[in-house]
Amino acid sequence: MKTIKRILKGAVLFILLVIIVVGSIFIYNWRDRHPDYAIDLKIENKNENSIKAGFAKKTITPTIVDTWNDANGNNKYSEDEGDTYNDNNNNGKFDAYWIAGMSNAKPAQGVHDDVWSRVMVLDDGKSRIAMISMDAIGFLHGDVIDIRNRIPEELGIDYTLLSSTHTHESNDLVGIWGENMFNSGVNDEMMEYVKEQTVAAVVEAAKNLRPAKLVFAEDLSGKDSTLIKDTRKPIVKATGIHVMQVLDAENEETLGSLINWSNHPETLWSQNLLISSDFPHYVREAVEKGVYNGTEKMEEGLGGVAIYFTGVIGGLMAPHPSISIANPFTGIEYAEPTYEKTKALGDQIALMSLAALKKEGDTISTSNISVRAKTVFADLDNTTFKIASGIGLIKMGMPAYFNKRTEVGAIRIGPALFLSIPGEIYPEIVFGGVEAPKGRDFEIQPLEIPPIQKLIKDKYKFYLGLSNDEIGYIIPKSEWDVEKPYLYHDHGDTYGEGNSLGPETGPFIYNSLIEVIEDLN
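Residues numbered from 1 in each chain as written. Predicted model: local features only at pLDDT ≥ 70, side-chain atom pairs only at ≥ 80, totals over all residues. Heavy atoms only, no water.

1. Quick look at the overall build of the chain
Now for step 1: On a plain count of helices and strands, the chain comes out with 9 helices and 27 strands.
Now for step 2: Dimensions of the chain, computed from C-alpha atoms along their principal axes, come out at roughly 95 × 55 × 50 Å.
Now for step 3: Considering only contacts in the chain between residues 6 or more positions apart, those separated by 24 or more positions represent 79%.
Now for step 4: Put simply, the chain shows about 21200 Å² of open surface, and 51% of that area lies on carbon and sulfur atoms.
Now for step 5: Taken as two groups, the 50 positive and 74 negative side-chain charges of the chain have centres that lie 4 Å from each other. (Helix = DSSP H or I, 4+ residues; strand = E, 2+ residues; numbered from the N terminus. Contact = heavy atoms within 4.5 Å. Areas by Shrake-Rupley, 256 points an atom, 1.4 Å probe, with all protein chains shown as cover. Lys, Arg positive; Asp, Glu negative; His and termini not counted. Charge placed at Lys NZ, Arg CZ, Asp CG, Glu CD.)

Rendered as structure tokens:
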């Protein structure tokens with residue numbers, strides 16, 4: 001009997017020890033990595049002055065050394081299925097860079113095109129801001145704070161915005177696309193390199209400041225709708241291309257340009273194993289160097305540094321394999337995920353952007369910058385995110401448990417407002433069309449009304465998705481659906497909720513965005 005008691009006591013102590021160890025790991029990983037960090041920034045400048053602008057770009061492309069051998073041709077790495085790696089640097093381990101998006105276990109086999117951090121710095125004589133677009137599936141708020149803290153104070157930058165293009169073809173900078181669901185896909189040395197290169201690009205852009213003129217244009221024709229599939233009801237496509245060209249005020253040469261459009265950079269879909277920025281690569285190349293059909297230049301480019309900002313892509317806005325995209329010159333249509341399809345998409349957006357700039361828009365030689373940015377704290381209700389953060393896959397960092405620090409903001413530059421959205425917002429929240437379908441989980445009417453665009457009085461509207469964070473999908477609460485019966489009484493559940501903080505995220509972010517917009521009005 002004493003032996004049994006000793007065994008039971010030992011088992012209980014062992015279980016308690018395991019609970020304590022696991023709990024300690026979770027608590028450590030849930031810790032706030034930036035204690036007391038918060039911003040509540042309001043910069044107002046009502047006087048128009050001459051404006052200066054500077055651009056720069058730095059590659060953040062991983063160097064692929066180790067490659068691998070796919071035994072069964074499924075484009076996913078599994079040693080249990082006979083896959084092996086080539087230890088090309090002879091260090092005895094697989095130095096993999098895991099491609100983010102679609103699924104785990106996709107080590108890159110090479111590089112198709114560089115991925116970048118691209119920066120514009122603007123100065124109106126009173127304030128100076130930096131706007132960064134990074135080729136990444138997402139960049140978490142804590143990492144954005146790290147970059148802000150590294151920017152030299154002597155640059156005098158009052159506010160830095162960092163937006164991810166959300167390419168599904170670059171290496172993981174979030175953590176959940178590693179070899180398996182228990183191992184982070186983030187390479188710490190690579191993350192450090194990304195941060196160093198991004199800060200270096202900001203420094204260079206600030207050094208490149210020149211007297212500038214701004215040209216605003218847009219294409220609201222809806223022709224881009226054929227390049228987008230809305231994969232979830234209600235069908236509300238986030239159409240519209242928004243462009244800002246920045247000219248040297250002295251010689252009229254292009255310093256750089258901003259292109260803002262709403263579509264998932266996932267044209268290559270799930271089987272691609274090459275690092276790429278997807279269609280933003282072709283948009284930027286064409287806007288900078290011209291649009292080519294083979295070796296023949298079909299349209300002149302602008303020069304300078306082109307920066308692509310992803311827009312309103314929740315819902316899900318995607319160049320889905322079920323839609324064909326035509327080469328704008330040959331008419332050949334591509335449905336299967338290929339680089340030909342990706343280039344056709346990028347060329348079409350570049351052509352529309354360049355055409356918009358040729359039409360009558362607004363050119364301003366004096367301007368002002370106003371900024372309203374605010375730290376907000378969103379509830380974390382997603383159990384998967386809690387666990388992933390607890391085991392260290394995602395370095396969310398929470399000032400209080402299950403309370404996520406993030407940020408919203410608005411920047412006014414002349415006749416344009418740039419809205420900073422910390423995730424993938426559903427287009428009906430921005431453009432209208434929120435529904436309360438049968439089968440919804442909450443018996444409520446739409447909360448995210450009126451649509452955001454109706455509350456923005458500025459002539460030009462830029463929606464910068466995944467800005468300063470990636471909190472996932474921002475879904476209208478009246479469209480939330482995880483339980484039977486499913487929305488619209490469909491046979492299956494919907495995609496989106498599993499990659500959202502929770503059902504309160506939609507109304508919370510909507511109200512937070514409205515607040516910063518109204519504070520600038």
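2. Some remarks on helix H5 (residues 339-358)
Now for step 1: Taking 1.5 Å of rise per residue, the 20 residues of H5 would be expected to cover 28 Å, and the 28 Å separating its terminal C-alpha atoms lies within 8% of that figure.
Now for step 2: Among the 20 residues in H5, 16 count as buried, and that is most of the element. (Expected span 1.5 Å × (residues − 1). Buried < 20%, exposed > 50% of the residue type's maximum accessible area, 1.4 Å probe, protein only.)

3. A closer look at the pattern of salt bridges
Now for step 1: One pass over the structure, following the stated rule, counts 28 salt bridges.
Now for step 2: Overlapping salt bridges, with partners in common, bring together Asp40, Arg372 and Asp519 in one network. (Salt bridge = Lys/Arg side-chain N within 4 Å of Asp/Glu carboxyl O.)

4. Some remarks on the environment of Pro234
Now for step 1: Counting through the fold element by element, Pro234 comes out in the loop between strand E10 (229-230) and strand E11 (241-248).
Now for step 2: In sequence terms Pro234 and Pro427 are 193 residues apart; their C-alpha atoms lie 9.7 Å from each other.
Now for step 3: The contact partners of Pro234, leaving out residues within four places of it in the chain, are Glu428, Gly433, Glu435, Glu479 and Tyr488.

5. Some remarks on the nonpolar core
Note that soluble globular proteins tend to have their nonpolar side chains buried in a common cluster.
Now for step 1: Core analysis: the largest hydrophobic core is formed by 74 residues, its most contacted members being Trp261, Leu419, Ile425 and Ile452.
Now for step 2: With 9 residues, the single largest contributor to this core is H5.
Now for step 3: Apart from residues lying up to four places away in sequence, Ile425 is in contact with Val312, Ile313, Gly314, Val430, Ile452, Ile474 and Leu513.
Now for step 4: The next biggest cluster of nonpolar side chains, apart from the first, holds 34 residues, and it includes Ile43, Phe216, Met244 and Leu258. (Core = buried A, V, L, I, M, F, W, Y, C linked by side-chain atoms within 4.5 Å.)

6. Section: the packing of aromatic side chains
Now for step 1: Enumeration over the complete set of coordinates arrives at 16 aromatic pairs.
Now for step 2: With a centroid separation of 5.3 Å and 90° between ring planes, the pair formed by Phe26 and Trp30 is classed as edge-to-face.
Now for step 3: Overall, the relative accessible area of 13% leaves Trp30 in the buried class.
Now for step 4: Seen in terms of ring centroids, Phe431 and Tyr463 are 5.6 Å apart; in terms of plane orientation they differ by 85°. Their pairing is edge-to-face. With Phe431 in helix H7 (residues 427-431) and Tyr463 in strand E26 (residues 460-464), this pair connects stretches of sequence that are 32 residues apart.
Now for step 5: Accessibility expressed as a relative area gives 23% for Phe431, which makes it partly exposed.
Now for step 6: Through a chain of ring-to-ring contacts, the aromatic side chains of Trp68, Tyr77, Tyr85, Phe94 and Trp98 assemble into a single cluster.
Now for step 7: When the ring centre of Tyr28 is taken as reference, the NZ or CZ atom of Arg31 above it lies at 3.9 Å.
Now for step 8: Positioned over the ring face of Phe442 is Lys477, at 4.7 Å from the centre of the ring. (Phe/Tyr/Trp six-rings, centres within 6.5 Å; stacked < 30°, edge-to-face > 60°. Lys NZ or Arg CZ within 6 Å of the ring centre and 35° of its normal.)

7. Notes on the layout of surface pockets
Now for step 1: The calculated volume of the largest pocket comes to roughly 520 Å³.
Now for step 2: Split into classes, the residues belonging to the lining of the largest pocket amount to 14 nonpolar, 9 polar and 3 charged.
Now for step 3: If you add up the space inside the second largest pocket, you get close to 360 Å³.
Now for step 4: Contributing to the lining of the second largest pocket are 23 residues, with Arg33, Leu140, Asp143, Met191 and Lys395 lying nearest its centre.
Now for step 5: Secondary-structure elements contributing two or more residues to the lining of the second largest pocket are helix H2 (141-150), helix H3 (188-207) and strand E23 (403-413). (1 Å grid on protein atoms, 1.4 Å probe; cavity = no way out; pocket = protein on both sides within 12 Å on 5 of 7 lines; lining within 4 Å. Points joined across faces, edges and corners; volume = space filled by probe spheres on them. Nonpolar A, V, L, I, M, F, W, Y, C, P; charged D, E, K, R; others polar.)

8. Overview of unusual backbone geometry
Now for step 1: Gly315 connects to Leu316 through a cis peptide bond whose omega is 20°.
Now for step 2: Its place among the elements puts Leu316 in the loop between strand E16 (305-310) and strand E17 (317-318).
Now for step 3: For the peptide bond that leads from Lys484 to Pro485, omega is -5°, which places it in the cis range.
Now for step 4: Following the sequence through the fold, Pro485 ends up in the loop between strand E27 (473-474) and helix H9 (505-520).
Now for step 5: The phi angle at Asp36 is positive, at roughly 70°, despite the residue not being glycine.
Now for step 6: Looking at the secondary structure, you find Asp36 in the loop between helix H1 (2-29) and strand E1 (40-43).
Now for step 7: Here Trp269, not a glycine, exhibits a phi torsion of approximately 60°, which is positive.
Now for step 8: Mapped onto the fold, Trp269 is located in the loop between strand E12 (254-261) and strand E13 (274-275).

9. Let's talk about the packing of helix H4 (residues 279-289) against H5
If you want to describe how two helices pack, look at the angle between their axes and the distance between the axes.
Now for step 1: Look at H4 against H5: their axes get within 7 Å of each other, and the N-to-C directions meet at 45°. Compared by their axis directions, H4 and H5 come out oblique. When the axes of H4 and H5 are compared, the crossing they make is right-handed. Touching Phe279, Tyr282, Val283, Ala286 and Val287 of H4 are Tyr339, Thr342, Lys343, Leu345, Gly346, Asp347, Ile349, Ala350 and Leu354, all from H5.
Now for step 2: Split by residue class, the contact of H4 with H5 holds 10 nonpolar, 2 polar and 2 charged. (Axes fitted to C-alpha atoms, helices over the stretch in contact; angles between N-to-C directions. Parallel < 35°, antiparallel > 145°, perpendicular 65-115°, else oblique. Left-handed = near helix turned anticlockwise from the far one by under 90°.)

10. What about the environment of Lys76?
Now for step 1: As for its placement among the helices and strands, Lys76 is situated in the loop between strand E3 (67-69) and strand E4 (84-86).
Now for step 2: Separated by 121 residues in sequence, Lys76 and Gln197 have C-alpha atoms that sit 30 Å apart.

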